[in-house]
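Geometric and topological summary
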Amino acid sequence: MDPVERKTEPKLFSVDIEGSAEIDDDDEPTSEELVEMLRQALHEANTGQTRPAREVMRELREMLAADANTRQDH
């Protein structure tokens, strides 16, 4: 990285989620629902109620494969 670049202020981008018409899916969780899901996940992690990493990774691979198949069909 050029020394001049390191001294410049970082560029911040603002995203107006509230005003965005593109993000108006009814099946997407609300901010309040996301916060509650995060609270629940933190509680489960703190109390040791977690799943094995292999199981989670397998599930993520299946989800990605299903998503890739859906995209190819369109």
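Predicted, not measured: the structure shown is a model, and the values here were computed from it. Note on numbering: residues in each chain are counted from 1, in written sequence order. Restriction of local features to residues with pLDDT of at least 70 applies here, the model being predicted, together with a cutoff of 80 or more for giving and counting side-chain atom pairs; totals for whole chains, interfaces and linings are based on all residues. Here the side-chain values reflect all heavy atoms present in the structure, with hydrogen atoms and water set aside.

What about the overall build of the protein?
Applied cut-off: Each helix is a run of DSSP H or I of at least 4 residues and each strand a run of E of at least 2, with the numbering of both proceeding from the N terminus. Residue burial is assigned from relative accessible area. The probe radius is 1.4 Å, only protein chains are included, and a residue is buried under 20% of its type maximum, exposed over 50%, and partly exposed in between. For accessible areas, the Shrake-Rupley method is used with a probe of radius 1.4 Å. Any residue's cover is judged against the shown protein chains and nothing else.
Check the secondary structure of the protein and you find 3 helices and 0 strands. Along the chain direction, N to C, the helices and strands of the protein fall in the order α-α-α. The buried share of the protein, taken over its 74 residues, is 0%. Accessible surface for the protein amounts to roughly 7,700 Å². Of this, 54% is attributable to carbon and sulfur atoms.

Details of the pattern of salt bridges
What counts here: We define a salt bridge as a side-chain nitrogen of Lys or Arg found within 4 Å of a carboxyl oxygen belonging to Asp or Glu.
Scanning the entire structure with this criterion turns up 4 salt bridges. Here arginine 71 ties to aspartate 67 by a salt bridge, and the two come within 3.0 Å at their closest N and O atoms. Taken together, the residues arginine 71 and aspartate 67, both in helix α3 (residues 53-73) and 4 residues apart, mark about one turn of the helix. Taken together, the shared-partner salt bridges in this structure form one network comprising Arg51, Glu55 and Glu59.

Considerations on the confidence of the model for the protein
Our working definition: Values of pLDDT, which run from 0 to 100, indicate the predictor's confidence residue by residue.
Per-residue confidence for the protein gives a mean pLDDT of 80, with 65% of residues at or over 70. Helix α2 (residues 31-46) holds the highest mean pLDDT among the elements of the protein, 95, whereas helix α1 (residues 3-7) holds the lowest, 58.

Some words on α2
Keep this limit in mind: To estimate how far a helix should reach, multiply one less than its number of residues by 1.5 Å.
The end-to-end C-alpha distance of α2, which contains 16 residues, comes to 22 Å, matching closely the 22 Å that a straight helix rising 1.5 Å per residue would cover. A positive phi of about 80° marks glycine 48, the residue just after α2.

Let's talk about a nonpolar patch on the surface
Worth spelling out the cut-off: Two distance rules govern patches: like charges are joined within 9 Å, and nonpolar side chains (Val, Leu, Ile, Met, Phe, Trp, Tyr) within 5 Å, applied only to residues with over 30% relative accessible area and no salt bridge.
A contiguous nonpolar patch, built from Met57, Leu60 and Met63 and spanning about 280 Å² of accessible area, is present on the exposed surface. Mapping methionine 57 onto the fold places it in helix α3. Residue classification places methionine 57 among the partly exposed residues on the basis of a relative accessible area of 42%.

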